[in-house]
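# Results of the structural survey
So you can see what is in the structure, the chains are spelled out below.
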Amino acid sequence: MGYWLLKSEPDTFSIDDLYSLPNRTDHWDGIRNYQARNFMRDEMKKGDLAFFYHSNCAEPAIVGLVEVIKEAYVDHTAFDPDEYYFDAKSGPERPRWVMVDVKFKQKFRNVVTLKDMKANPLLSEMRLVQKGNRLSIMPISSGEWIKILEMNGESVS
DNA sequence: GCCAACGTTGGC
DNA sequence: GCCAACGTTGGC
C-alpha cells in the first residue's frame, strides 16, 4: 500500500470542506503539475492513504488522513473555460490532466506542523521539509508515515 | 535546444 | 504582502 501527502490551501479547500461533502468524498482536481500528475496517474492506488496538508496559511501542517477510493481518471475541469483550472491545451480528445477521488478518514486533534517536521531529523529526507519545495502531491515512505503518526500522538484505526 | 522572461507556490 | 525558488513558455 502506498502513502502520500496532498497539499491544499485551507482558504480554498480545507479538510473541513472535505468532511462536509456528501460521502465525505471529493475529486482531487486542479492538479496542473506534471510530476504531481504522474504520481497520481502511475502510482496512486485504490486503498492508498494520504496525509491532508494545509499549505499557504498561518500554520502549515498535516491536519488529517484521507483514503484514495478511485484511481486516476480524466480531470474534466480542464475542459471548461469557466473553471478556474481550465487548460486550453487539454481537450476531451487529448486529455492532459487527471484526478483521483479521496474520502475523509480522520481529522487530527493535534496537527503535525511543518515546523515540527522540520525539527525532526528523521524526516529530513522528506521533500516537504526541503527548501523551495512546491510539489503538491508527493509520496511518503512507510517509515516517515509511521513517524508522523507518532508525532501526532493519536492511535489510528 | 537554450535560456530569459514570466507566472505560481508557499513559507514567513 | 514580500520574495525566493521553481516550473513553464516562447523567441531565437
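Above this text is the structure in question.
The sections below set out a description of the structure shown in this document. (Residues numbered from 1 in each chain as written. Chains lettered and ligands numbered in written order. Predicted model: local features only at pLDDT ≥ 70, side-chain atom pairs only at ≥ 80, totals over all residues. Heavy atoms only, no water.)

## Some points on unusual backbone geometry
Of note in this structure, Asn-23 is not a glycine but carries a positive phi near 65°. Summarising the element assignment, Asn-23 is placed in the loop between helix H1 (15–20) and strand S2 (25–27). Asn-23 gets classed as exposed once you look at its relative accessible area, which sits at 61%. Even without a glycine there, the phi angle at Asn-56 is positive, about 55°. Among the secondary structure elements, Asn-56 is positioned in the loop between strand S3 (49–54) and strand S4 (61–74). Take Asn-56: its relative accessible area is 58%, and that puts it in the exposed class. (Helix = DSSP H or I, 4+ residues; strand = E, 2+ residues; numbered from the N terminus. Buried < 20%, exposed > 50% of the residue type's maximum accessible area, 1.4 Å probe, protein only.)

## Considerations on the nonpolar core
Soluble globular proteins tend to pack their nonpolar side chains together in the buried interior. Membership of the largest hydrophobic core comes to 43 residues, with the highest contact counts inside it found for Trp-28, Phe-51, Ile-62, Met-117 and Ile-137. The contacts of Ile-62, once residues within four sequence positions are left out, are Leu-5, Phe-51, Phe-52, Tyr-53, Phe-108, Val-111, Val-112, Met-117 and Ile-148. (Core = buried A, V, L, I, M, F, W, Y, C linked by side-chain atoms within 4.5 Å. Contact = heavy atoms within 4.5 Å.)

## Section: the protein's contact with DNA strand B
Neighbouring residues of DNA strand B: Lys-7, Tyr-53, Ser-55, Asn-56, Pro-60, Leu-114, Lys-118, Asn-133 and Arg-134. Restricting attention to atoms of DNA strand B within 4 Å of the protein, one finds that 76% of them are sugar or phosphate atoms. Within the side chain of Lys-7, a nitrogen or oxygen atom sits 2.7 Å from a phosphate oxygen of DNA strand B. Backbone polar atom of Asn-56 to a phosphate oxygen of DNA strand B: 2.9 Å apart, as the coordinates give it. Taken together, the residues of the surface near DNA strand B break down into 3 nonpolar, 3 polar and 3 charged. (Near = heavy atom within 4 Å. Polar contact = N/O pair within 3.5 Å; in protein donor to acceptor, adjacent residues only side chain to side chain. Nonpolar A, V, L, I, M, F, W, Y, C, P; charged D, E, K, R; others polar.)

## Regarding the environment of Asp-42
Inspection of the secondary structure assignment puts Asp-42 in helix H2 (residues 34–43). Of note is the side chain of Asp-42, whose polar atom sits 2.8 Å from the side chain of Arg-41.

## Structural notes on the pattern of salt bridges
Overall, the coordinates contain 5 salt bridges when judged by the stated rule. Between Asp-16 and Lys-107 there is a salt bridge, with the nearest N and O atoms lying 2.8 Å from each other. Here Lys-107 lies in strand S5 (residues 98–113) and Asp-16 lies in helix H1, a separation of 91 residues in the sequence. Classification of Asp-16 as partly exposed rests on a relative accessible area of 41%. (Salt bridge = Lys/Arg side-chain N within 4 Å of Asp/Glu carboxyl O.)

## Brief notes about helix H4 (residues 142–152)
When H4 is considered as a whole, its buried residues turn out to be Glu-144, Trp-145, Ile-148, Leu-149 and Asn-152. Buried residues of H4, seen end-on, are gathered within an arc of 135° and therefore sit on one face of the element. Among the structural elements, strand S1 (3–8), S3, S4, S5 and helix H3 (114–119) are those in contact with the buried residues of H4. (Arc of directions from axis to C-beta.)

## Focus on the packing of aromatic side chains
Across all of its chains, the model carries 9 aromatic pairs by this definition. Between Phe-13 and Phe-52, the aromatic rings sit 6.4 Å apart at their centres with planes inclined by 35°, giving tilted as the arrangement. In this pair, Phe-13 is assigned in the loop between S1 and H1 and Phe-52 in strand S3, connecting sequence segments 39 residues apart. Taking the relative accessible area as the measure of exposure, Phe-52 reaches 0% and is therefore buried. Seen from their ring centres, Trp-28 and Phe-52 are 5.5 Å apart, and the 90° between their planes marks the pair as edge-to-face. With Trp-28 in the loop between S2 and H2 and Phe-52 in strand S3, this residue pair connects regions lying 24 residues apart in the sequence. The pair Trp-28 / Phe-52 is uniform in exposure class, with both members buried. Positioned above the aromatic ring of Tyr-73 is the side chain of Lys-70, whose terminal nitrogen or guanidinium carbon lies 3.9 Å from the ring centre. (Phe/Tyr/Trp six-rings, centres within 6.5 Å; stacked < 30°, edge-to-face > 60°. Lys NZ or Arg CZ within 6 Å of the ring centre and 35° of its normal.)

Geometric values such as these leave the question of function open.
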